[in-house]
Every structure is written in C-alpha cells, then in structure tokens.
Amino acid sequence: MAMDDAPKPHFVLVPLMAQGHMIPMADFALLLVSRGSRVSLITTPVNARRLRAVANRGGDNLRLVELSMPCAEFGLPEGCENVDLVRQPELFIPFFNCIRRLEDQLNRYLREQPPAPTCIIADQCMPWTMEVANDLGIPRFVFHCPSCFYLLCTLRIAEHELYEKVSDPCEAFFVPGLPQLPQRIEVNKLKAQRFLDVPDLDLLRHVQEADATADGIVLNTCYEFEPWCVDDYRGALGKEVWPVGPVSLIHKDTGGKVVRGDGSAGVDHSGVSQWLDGREPGSVLFISFGSIARTLFRQQVEIGNALEATGRPFLWAMKEAEKGDLVEEWLAEFEERNRGNGIIVKGWVPQVLILTHPAVGCFMTHCGWNSTLEAVAAGVPMVTWPHFADQFLNEKLVVDILRTGVSVGVKAPFFYMAAGDDALVKSEAVERAVESIMGGVEGEKIRRRARKFAEKASKVMEEGGSSKDNLDRMIDYTINLATGNYKANGRATALC
Ligand code: UDP
C-alpha cells in the first residue's frame, strides 16, 4: 500500500478559545499533519479568522471546523468568543457555560461529517469533550497547556489536601512530594492556583473528572527541560504522558512565525525585523506580557523609567490597560526621548519571530507557559514577572530549577485591573533584574545556561529527538487503539 493510501488517524483537536491555548493546539495540529495524520481543529467563527492563515499551512489534511457560540443567550457581547475578549471578570463563568453549548454541535458534526474521528484531543478546560468521546465511543487525550512542573506541583498539593487544609491564601508552605532539589519550592495558595479554580466548583469537578478519565496526556514541553517532572507526573497518573513540544518549533520559516497566533491581525513584521537587524547580537530587551495581561499606566511608567535607566535597546509589546490624555502624553514623550534606542509596538507582535532573532538578549515575560517555553527554546534568558494562574510556578521553574532567569519580585497576583499596591513593581527592581541578566559576570552565567537549552531544543524535533519520538509513539498508540491492539477504557475506535 502506498504511504498516502495507508489508513490515517483522524484527530479532533478542541482548544480552549484563548490565545495561549489555541496557538499551541494549532502548532500541534501542524505537527500531527507533518506525521501523516488528518486533523480537524474545532473552533468558532471569530477564532477561525485568527487561525485561518496558520491552518492553511496544514493543507488538505487540516480542516478548520466552525461551531457557533450563542453569546447573547449568556449575556456575553456578540462575538465574545475568546478569553482575550472577555473584559469583565464576572463574565468568565457565563463564557465557560456558553462554550459548553459546543458539545451537542460537535457530537452532531462528528457523526455527520466523514471521515470518522479516531481520537479527540482536548484542552483541559474543555471537559465536556469527555461526554462527546464517550457518546461516540472513541478515546480522548487531554492536551495540557501549562508546564509539567506546574502540573506536578499542583497535583502534589492536592494529594496532600493543602488546598483544603491551608485556609489563609497568603500562608507560605513548601510543595510536598517533590524529589530532592537544591532548594525547596515555597508557594502560597495564590501562587499555586489550580487551573480553573473558579467559584463555580462544578466546572472544577468536571475538569478533574475529565482529567482522571482521559486515555492519555499530551504536554507542550520536552523531556530535556523537565525530566524528573515528566517521570514523576507519569508515575503519579499511571497513564501515558507524551511531552511533544516545544510545539512552536514546527515553524522554521518567517512566514509561519508571522501568521502564528493572529493571522488576521495583518502583522507588519518587516518594521520590527528591520529594527532588530540593525541592533547588536544579544543587545535588545524584549518586553511582552502575553495576550491577556494588561499593564496599568502607573506600572508602565515604572517600566519606562527602568528602561531609560538601563539605556539598553528595547522592544516593548504594549497591551495597555488604560487610555486617556495623560497616558497618551506620557507615551508620546517617552517614545520621543527614546527614538532610535527603543520601539513600542501596540497590539499583536510576532513573538516567536522576535525571540528567535539574534539581537534579542533578554525577555521580560509574564511567564505564561508558551512564552516561557518559546524563550527557553530560543536560548533567551528571562526577567520573570508572573501575573496569575500557572505563571508563578513557571517562574520558579525558570529561576530556581533551569536557572535561566531572574525574578523581578512580584509579591501578589494581578488579574485584570484588580491590582493592589503590592502588585506594583518599582523601577529600581526592574532595572536591577534586567542588569543582572544583561550585564556582569553572573549575567554571563545565566546567558550561557540559557544558550545550552536552545542547543537541546534544536534536537528534540529532529530524527531520534525525544519530542518527535513521543509524538510518533502517541500516534502509534492511537492507531493500536483503532485496530483493537489496545483498549481505551473499554472502547474501540476507527481509522480513515
Ligand atoms: N503572542 C504573540 N504575540 C503577542 C502576544 C502573545 O505571538 O503579541 C503569543 C506568544 O508567542 C504565546 C501566546 O501568544 O505563544 C501567549 O501564550 P502564553 O501562555 O505565553 O500567555 P497568555 O497569553 O496565555 O497569558
């Protein structure tokens, strides 16, 4: 049988509609297609516009499926189909309730549209896919977006019932049950929140049940970055765990790196690229806090003062929180004073393109896992500035375990505009953290360690690389389920 005629698995990928979840899932879709699988990537019309350009890179084997979210029924503004469009915290639960409406549509779609699905791979935040997979009698894997370190730490905290036993969210404790590390990992409940630990406990319970009953776990990391975490996590779950990342490495050319994330934003990357081309290798500080976090004006001023104090070239991807004459005036004067030495880009930037440019020497990041992983893979050391969710534990991984970053010293989570003064970081602390990476003897040690990780990353997707092998193993496992060689929770499945 010719390679093209061989039965192919048809993976149905269901990302949460949030940039930090859709982007890695779209990259993962391309990886699956590159290994000869068919993929249906499930989304909604607003998100399809963002994903179209990157999905087109998968050719005929990657289908973008648009289901509809009845936003108005849940009190959401029309078209509020992505977490970055939910601008009021009280709309979060309605957003997740609205997403649940995709369940029947997906079930119907998969029954009616050939080819038959072989396996669903869904984001952890889409627990209702468990019901769809059960109803269709096909296996289901969970795709986790956070680091394995975060997953292991929160699992250990839950196993030791510390989420219940520790009542004060600010009380410090050590994460139990980790192997011997140079230093113990100290957290509090605010800095080690479980994913989707929202007031709606039904949602958390649903997520936990869907995790527990999954037929396997896919991780966007690579074994080399978190070896003992992957081993311990696999051991604790007692099921298949496949680290297949960093999935962003699927994009080798500028074209892929530019459309990644928001193909509809019409990102003009040439200005950014040209500016970077004119800078010395390793000289530029890149600042970006991901797709959701917003920076308050008074915090922007502190960052701006620190940048001017260091005098180092900078590229600042700014997602501002507040508007107004004062903000505009400050920004205009700041840009004028720093013309030639730094640029500010408002809106979406091609982050992977920037991180992989030789001029970039340091990344000031909010420690979202994708950003963290992209920086580790590119060999760029980090100034860590976590805001919420898994970001504080990702910071610990970077600063205490990988030792490729320096903390800016955030004391409390900062979600949307709900920042108290303890969440504000002063310019002196920002300057200190930047200098301890970009200058000095200690900085050189950090930079050297960071470069070593890029060397490791460059091999993981190649022939014999750990992530490539894990991906192939995951596909083989699925094919074996489909041909009846294995049993997934007692179910059978199909190839197309
Ligand atoms: N990203 C980007 N341009 C931007 C902002 C973000 O390309 O202007 C990408 C970034 O490369 C990463 C993702 O969006 O892949 C953000 O995910 P992450 O987990 O870092 O943070 P989140 O946005 O979920 O807080």
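Scroll up to find the structure this text is about.
Just so it is clear, the structure is predicted and the values come from calculations on it, not from any experiment.

Novice: Looking at this structure, how should I read the layout of surface pockets?
Specialist: Any empty space left between atoms is shown by rolling a water-sized probe over those atoms. In this structure, the second largest pocket occupies an estimated 470 Å³ of space. Taken together, 18 residues form the lining of the second largest pocket, with Gln-124, Leu-155, Gln-208, Asp-211 and Tyr-233 sitting closest to its centre. Mapped onto the lining of the second largest pocket, the elements with two or more residues apiece are α6 (148-159), α8 (201-212) and α9 (227-237). In terms of residue class, the lining of the second largest pocket is built from 11 nonpolar, four polar and three charged.

Novice: Sorry, what's going on with the side chain of Thr-221 here?
Specialist: Relative to the assigned elements, Thr-221 resides in the loop between β8 (216-219) and α9. Contact partners of Thr-221, with chain neighbours within four places excluded, come to Cys-148, Glu-226, Pro-243, Val-244, Gly-245, Pro-246, Trp-369, Leu-373 and Ser-467.

Novice: I keep staring at the packing of aromatic side chains and nothing clicks. Help me out?
Specialist: A ring pair, where both rings are aromatic, is described by two values, the distance of the centres and the angle of the planes. On inspection of all chains with the given rule, the structure shows 14 aromatic pairs. An angle of 85 degrees between the planes, with centres 5.8 Å apart, marks the rings of Phe-95 and Phe-96 as edge-to-face. Of the two residues, Phe-95 and Phe-96, neither departs from the other in class, the shared state being buried. By the ring-pair criterion, three or more aromatic residues cluster together here, those being Phe-297, Phe-314, Trp-316, Trp-330 and Phe-334.

Novice: Would you take a moment to explain helix α12 (residues 297-310) for this structure?
Specialist: Compared with an ideal rise of 1.5 Å per residue, which puts 14 residues at 20 Å, α12 spans 20 Å between its outermost C-alpha atoms and is within 8% of the ideal. Of the positions making up α12, those classed as buried are Phe-297, Gln-299, Gln-300, Glu-302, Ile-303, Gly-304, Ala-306, Leu-307 and Thr-310. Along its buried surface, α12 packs onto β10 (284-288), β11 (314-318), α13 (325-337) and α17 (427-438). Gly-311 sits one or two positions beyond α12 and adopts a positive phi of about 70 degrees.

Novice: It is not clear to me how the site of the ligand should be interpreted in this structure. Could you clarify?
Specialist: Taken together, 17 residues sit near the ligand, with Ser-291, Lys-319, Val-349, Ser-371 and Glu-374 positioned nearest. Measuring from an oxygen atom of the ligand, one finds a side-chain N or O atom of Lys-319 at 2.8 Å. Between an oxygen atom of the ligand and a main-chain N or O atom of Trp-369, the distance comes to 3.5 Å. For the ligand, whose free accessible area comes to 530 Å², the fraction covered by protein is 95%. Listed by contribution, the elements that provide at least two residues to the shell around the ligand are α1 (19-34) and α15 (369-378). Ranked by the residues each element gives to the shell around the ligand, the list is headed by α15, at four residues. By residue class, the composition of the shell around the ligand is five nonpolar, nine polar and three charged.

Novice: Whenever I open this one, the environment of Phe-149 confuses me. Can you help?
Specialist: Among the structural elements, Phe-149 can be located in helix α6. Classification of Phe-149 as buried rests on a relative accessible area of 0%. Along the sequence, Phe-149 and Val-175 sit 26 residues apart, while their C-alpha atoms lie 11 Å from each other. If we skip the residues at most four places from it in the chain, Phe-149 touches Ile-185, Glu-226, Trp-228, Cys-229, Leu-393, Lys-396, Leu-397 and Ile-401.

Novice: Could you clarify how one ought to interpret the pairing of strand β1 (residues 10-14) in this entry?
Specialist: When a strand is regular, its side chains alternate between the sheet's two faces. A large share of β1 lies buried, amounting to five of its five residues. In β1, alternate side chains face the same way, and those of His-10, Val-12 and Val-14 on one face and Phe-11 and Leu-13 on the other are all buried. The parallel pair β1 and strand β2 (residues 38-43), bridged by α1, forms a crossover whose chirality is right-handed. Pairing analysis gives four bridges linking β1 to strand β4 (residues 119-123), with the strands arranged parallel. Across the sheet, residue Val-14 finds its bridge partner in β4, namely Ala-122.

Novice: Mind showing me how you'd approach a negative patch on the surface here?
Specialist: Among the surface-exposed residues, Asp-325, Glu-328, Glu-329 and Glu-333 lie close enough to one another that they form a single negatively charged patch. Mapped onto the elements, Glu-333 comes out in helix α13.

Novice: Is there a simple way to think about the sheet that holds β8 in this case?
Specialist: Paired through their backbone hydrogen bonds, the strands of a sheet run either parallel or antiparallel. Reading across from one edge, β3-β2-β1-β4-β5-β8-β9 is the order of the seven strands in this open sheet, with parallel pairing throughout. Bordering the open sheet on either side are β3 (62-66) and β9 (241-243), each of which pairs with just one other strand. The mean inter-strand angle of the sheet, taken between neighbouring strand axes irrespective of direction, is 20 degrees. Note that β4 and strand β5 (residues 140-144) share four bridges and pair parallel.

About the cut-offs
Residues numbered from 1 in each chain as written. Predicted model: local features only at pLDDT ≥ 70, side-chain atom pairs only at ≥ 80, totals over all residues. Heavy atoms only, no water. 1 Å grid on protein atoms, 1.4 Å probe; cavity = no way out; pocket = protein on both sides within 12 Å on 5 of 7 lines; lining within 4 Å. Points joined across faces, edges and corners; volume = space filled by probe spheres on them. Helix = DSSP H or I, 4+ residues; strand = E, 2+ residues; numbered from the N terminus. Nonpolar A, V, L, I, M, F, W, Y, C, P; charged D, E, K, R; others polar. Contact = heavy atoms within 4.5 Å. Phe/Tyr/Trp six-rings, centres within 6.5 Å; stacked < 30°, edge-to-face > 60°. Buried < 20%, exposed > 50% of the residue type's maximum accessible area, 1.4 Å probe, protein only. Expected span 1.5 Å × (residues − 1). Near = heavy atom within 4 Å. Polar contact = N/O pair within 3.5 Å; in protein donor to acceptor, adjacent residues only side chain to side chain. Areas by Shrake-Rupley, 256 points an atom, 1.4 Å probe, with all protein chains shown as cover. Right-handed = clockwise from strand over helix to strand, strands pointing away. Pairing = 2+ DSSP bridges. Patch = residues over 30% accessible without salt bridge, like charges linked within 9 Å, V, L, I, M, F, W, Y side chains within 5 Å. Salt bridge = Lys/Arg side-chain N within 4 Å of Asp/Glu carboxyl O. Lys, Arg positive; Asp, Glu negative; His and termini not counted. Charge placed at Lys NZ, Arg CZ, Asp CG, Glu CD. Axes fitted to C-alpha atoms, helices over the stretch in contact; angles between N-to-C directions.

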